[in-house]
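What follows is the residue order along each chain.
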Amino acid sequence: MLELVQGLSRHAHRAPVRPDGGAPRFAPVIEHMRAHLDESMDTGRLAAVAGLSPFHFLRSFKAQHHATPQQALMALRLNEAKRQLAAGHAPAQVAAAVGLTDQAHLTRGFARRYGVTPARYQQQLGTRRRP
């Protein structure tokens, strides 16, 4: 069996391995998301940035990033929210700045992702401003 596998492996086509893991195709999409966190983004808009049809974009993005574009966008928004909350900004302001509908949307997403509410996070860091 080993001889058979070794014999066949000589004829196998190996695709070249890119050191960046194939990231350049979607790097402009991720940068576009980061630059426009406060805006509504649908799959069509992101597919246009990538230069792909929406269906091909969705399948390819998910295959490479193991998440849908909307999940990736939410992760970027919550990461930026975390940064702004650590800087002492009010949760309602942060929600608007990162493109979430309201403070409740921020609280639900933040608690789901990080296991703590934005107010509690600020309290733990000592960055929560007193009203």
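Anything mentioned here points back to the structure above.
Undergrad: I'd like to hear about the overall build of the chain, residue by residue, with values.
TA: Looking only at helices and strands, one finds eight helices and zero strands in the chain. In the chain, the succession of helices and strands from N to C terminus is α-α-α-α-α-α-α-α. Burial status across the chain gives 32% buried among its 131 residues. Taking the intrachain contacts of the chain between residues at least 6 apart in sequence as the baseline, contacts between residues at least 24 apart amount to 52%. For the chain, the exposed surface amounts to about 8700 Å²; the carbon and sulfur share of it is 55%.

Undergrad: For the pattern of salt bridges, give the residues involved together with the corresponding values.
TA: According to the stated counting rule, one finds three salt bridges in the structure shown. A salt bridge links Glu 39 to Arg 45; the nearest nitrogen and oxygen atoms lie 2.6 Å apart. On the accessibility criterion, Glu 39 (31% relative accessible area) is partly exposed. The class of Arg 45 is partly exposed, set by a relative accessible area of 25%. Residue Glu 80 pairs with Arg 83 through a salt bridge whose shortest N-O separation is 2.6 Å. Of the two residues, Glu 80 and Arg 83 both sit in helix α5 (residues 69–86), three residues apart, roughly one turn of that helix.

Rules behind the numbers
Residues numbered from 1 in each chain as written. Predicted model: local features only at pLDDT ≥ 70, side-chain atom pairs only at ≥ 80, totals over all residues. Heavy atoms only, no water. Helix = DSSP H or I, 4+ residues; strand = E, 2+ residues; numbered from the N terminus. Buried < 20%, exposed > 50% of the residue type's maximum accessible area, 1.4 Å probe, protein only. Contact = heavy atoms within 4.5 Å. Areas by Shrake-Rupley, 256 points an atom, 1.4 Å probe, with all protein chains shown as cover. Salt bridge = Lys/Arg side-chain N within 4 Å of Asp/Glu carboxyl O.

Everything listed is a geometric property; what it means functionally is a separate question.
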